[in-house]
Every structure is written in C-alpha cells, then in structure tokens.
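Single-letter residue listing:
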Amino acid sequence: MTLIVRGIVWFGLYLFLILLPLATAALAAPDRVSPGIIAEIGVGAGFVGLSLMCLEFALISRIKTAAQAFGEDSLQLFHNLMGMVALLFLLAHPILLIIYGYPANCWLNPFSGCANVVSRSAALALYVLILLVGLSIWRKKLGIKYELWQVTHGLFSLFVLIAAMVHIFVLGRYTTTPIMRAIWLVYAILVTALLLYYKILLPILNWNKTWEIVENREERGDTRTLVLKPVGHKGFSFQPGQFAWLKTGSTPFGLGQHPISMSSMGDVEPGGQVTFTIKNLGDWSGEEVPALKPGDQAWLDGPHGVFSMDREQAMGYVFVGGGIGITPLYSMLQTMVEREDVRPVLLFYGGEDWEGLTFREELDELTSQMNLKVIFVLDNPHEGW
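Residues numbered from 1 in each chain as written. Predicted model: local features only at pLDDT ≥ 70, side-chain atom pairs only at ≥ 80, totals over all residues. Heavy atoms only, no water.

Considerations on the pairing of strand S8 (residues 345–351)
Then comes step 1: Extensive coverage of S8 is indicated by the burial of five of its seven residues.
Then comes step 2: Sheet topology note: the strand S7 (residues 317–322)/S8 ladder contains six bridges and is parallel. Paired with Phe319 across the two strands is Leu347, which belongs to S8.
Then comes step 3: Considered for its hand, the β-α-β crossover made up of S7, helix H10 (residues 326–338) and S8 is right-handed.
Then comes step 4: Pairing analysis gives seven bridges linking S8 to strand S9 (residues 372–378), with the strands arranged parallel. Bridging across to S9, Phe348 finds its partner in Ile375.
Then comes step 5: Read from S8 through helix H11 (residues 360–366) to S9, the crossover connection turns out right-handed. (Buried < 20%, exposed > 50% of the residue type's maximum accessible area, 1.4 Å probe, protein only. Helix = DSSP H or I, 4+ residues; strand = E, 2+ residues; numbered from the N terminus. Pairing = 2+ DSSP bridges. Right-handed = clockwise from strand over helix to strand, strands pointing away.)

Have a look at this one:
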C-alpha cells in the first residue's frame, strides 16, 4: 500500500508540474488581450510540451524513491512515450499558430529573411527534437552505436530546452509576470540539478566503489558471465531479479553505462561477488565484454528495479523467460535454493535452439535441488523434439 500511495503522489506531482505553467499563464494576466482561441490553444500546447521536456530528465535520473513505486523499466518506457507526446504537443504549437495567421516561412525556416531570434530558436528546437526522437526510434536500423547515441541524446535534449527557453523569454508575451518567470526559473534549476546529480554526483559517489573482474567465462547462447568482486568496500546486496548499471573502464565517468540484470543469487554477504550474464547484442557486448580479463576495473550503480519475487509473495510461481531474459529468473531460482524455499516453480524457457539455451545444464541441476519444473520452448527444435 505504501508503494501505491507513493506512486499516486509522484504521478500527481508529475501532472501538476506539467500543467502548472499553463494554468499560471491563464491566470497571471487576466487583462491581457487574447489573440484568439486557436492561438491560445497553440501556446498552451507549447507550454505543455516544454514542461514534458523538462520532466523527461527526472524520469531517467534514477531517483530511487520514485523508481520503487513504478520500476526503472516502467519509468524508461514512460520516458520514451512522453518524449513522443512532448513532440506532438510541440508540433501542434507552430501548426496552430500558422493556422491562426502567423507567417509559416518566418516560423519554420530559421534562415529566412523575416526570421528573428524568437522564430529561429523555436524552429531549431523543433527540428532538433524531431531528430532526437527519430534517432531514438531508429538507432539500431541506422547502425548508430549505443554510446554515441547516449551522447547525442543528452546534448540534443539540452539544446532543445535551452532554445525553447530562449524562445519564450525573448518573446515575453507570457513570461512578463514575476510568477511565470519564477516558474520557469525553477524548471531550469530542476533540469540543471538533475543533470549535475546524474552526470557528476553519482560518478563521484561511486569513485571509491571499484569492482574488479574475477572471471570472464563463456556460456551457451553466445553469452558471457562476468564475475565481479568489490574492492575496498562491502559491495551491495540485492533482491533477486534486480539489475545494475555496469560500466567498464578506468573511471566511473564517461560513456557506456549499460543496464544488466544480476545472474547470481540475491542476499549477497558483505564483500560478496556479483555476476552478470551478457549476450552478444552489439558493439559493447560483442567486442568489449569478451575482451575483459581478470583484474580489469568496473563500476556498478545499483541495485535497481522492482522485478523480483520478493515483491510478489505467493504460494508458488510461474516464470516465463526467453533468451537472455533468463538471467533475472535464474537469480531468483538460485536464491530460492539458498533460502531452502520449498514453494513450487514452473519455468517456461524459450530459445532459438537446444544448443543455445543459456544455463541449460544449471537449470537441470536446480530441478534436483528445489521444487522446480522447466519446460523448454524452441523456435527451431531438433529432430525428435
């Protein structure tokens, strides 16, 4: 119940912050001459879209009090959805103003002779936002590396917000009142604080929490398991099924943080080892991960996530996983064995073929140690399956 209440509070705050600039603009200057209903709706769409863009940073800042109510994966999906919703609102902004009568060329062409700072900043913000969303949707088809996309995604998002702020403050029609200026100043501070927390403070807090790779072993299904131990600190325990952001390299700063589920059991003792099983799905997992060797450094930010049997108490469980999605389920099964948990578990495990099933032998062994039944489901079964 506490998590439900917390979720309602956070979602209510989210909606409040989205609509606050719109409501304030309508109430702050009641004597202002209205340009017309279509133009007012267009302006309102711009305020809502910009508010969504500001709050997009909050959704991916790993604020645990919010994530515990929804889950990091749900927040990420919501972040993706709200990015497209923000784009729709910000597209409606110039379209409705042009329908009302504003000259299209001046507002949509930042290099036209009639364009000024107001229209240029608006047009550039809109086009960069379209590029940002497009790259997010078609990154894999375009062959863009994940690390490069991370950099461009952050820089483009920041550019859109700065250009949009320039647009509304230089235009000044709805920001002449002290309360509106104060609201947008708070939004600017919020975005800046989230960026500093996410990009600067978190790496600093992790600086003295180095992890060392103990083993890098090959598994079935074109996967590898990394075994890590904490160096100079106690590490962390986690609920089985959770994940951590994993970064390799000499410092916790820089590019290339990847969300990976722990494949080892939870309830880790202080100083205990943690394992990650990673499938070859791209440049980092297919090139950098196989090259890691014992003694190399790594950095973890975790644990995160709410996908855990510890959060869903029941008389028994049905687990459904496919491919590398077996890792959080395997973590839960190992934890149940360690806890001597006798509750029944039915696992449906799907894969491409019999030889590519990661942890196939390990799962067979677990069936003799706990009340577990595994049903394998294959896309390409061998003869006689």
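Let us keep going from here.
Concerning the packing of aromatic side chains
Then comes step 1: Within this structure, the stated rule accounts for 10 aromatic pairs.
Then comes step 2: Ring geometry for Tyr100 versus Tyr102: centroids 6.1 Å apart, planes at 40°, classification tilted.
Then comes step 3: Members of the aromatic cluster, joined through ring pairs, are Tyr349, Trp354, Phe376 and Trp385.
Then comes step 4: Its guanidinium or amino end placed over the ring of Trp149, Arg139 lies 5.9 Å from that ring's centre, counting from NZ or CZ. (Phe/Tyr/Trp six-rings, centres within 6.5 Å; stacked < 30°, edge-to-face > 60°. Lys NZ or Arg CZ within 6 Å of the ring centre and 35° of its normal.)

Observations concerning the environment of Glu212
Then comes step 1: Tracing the sequence through the fold places Glu212 in strand S1 (residues 210–219).
Then comes step 2: Each C-alpha atom of the pair Glu212 and Lys293 lies 9.6 Å from the other, and the pair is 81 residues apart in sequence.
Then comes step 3: Beyond its immediate stretch of four places on either side in the chain, Glu212 contacts Val227, Leu228, Lys229, Val231, Gly295 and Asp296. (Contact = heavy atoms within 4.5 Å.)

So, the packing of helix H2 (residues 37–59) against helix H4 (residues 72–100)
The description of two helices packed together rests on the angle between their axes and the distance between the axes.
Then comes step 1: In the contact formed by H2 and H4, the axes pass within 7 Å of each other and the chain directions differ by 155°. Between H2 and H4, the angle is such that the two are roughly antiparallel. Crossing hand, H2 versus H4: left-handed.
Then comes step 2: Residue classes in the contact of H2 with H4 are distributed as 22 nonpolar, six polar and one charged. (Axes fitted to C-alpha atoms, helices over the stretch in contact; angles between N-to-C directions. Parallel < 35°, antiparallel > 145°, perpendicular 65-115°, else oblique. Left-handed = near helix turned anticlockwise from the far one by under 90°. Nonpolar A, V, L, I, M, F, W, Y, C, P; charged D, E, K, R; others polar.)

Details of the pattern of salt bridges
Then comes step 1: Enumeration according to the criterion identifies 10 salt bridges in this entry.
Then comes step 2: Across the pair Lys293 and Asp296 runs a salt bridge, and its minimum N-O distance is 3.4 Å.
Then comes step 3: Between Arg339 and Asp310 there is a salt bridge whose closest N-O contact spans 2.9 Å. Placement of the pair is Arg339 in the loop between H10 and S8 and Asp310 in the loop between strand S6 (297–304) and S7, with a sequence separation of 29 residues. (Salt bridge = Lys/Arg side-chain N within 4 Å of Asp/Glu carboxyl O.)

Let's talk about the packing of H4 against helix H6 (residues 117–142)
Then comes step 1: H6 packs onto H4 with a crossing angle of 150° between their chain directions and a minimal axis gap of 10 Å. For the element pair H4 / H6, the angle class is roughly antiparallel. For H4 against H6, the interelement crossing comes out left-handed. Contacts between H4 and H6 involve Gly83, Met84, Leu87, Leu90, Leu91 and Pro94 from the former and Leu126, Leu129, Ile130, Val133 and Ile137 from the latter.
Then comes step 2: Residues belonging to the contact of H4 with H6 are distributed by class as follows: 10 nonpolar, one polar and no charged.

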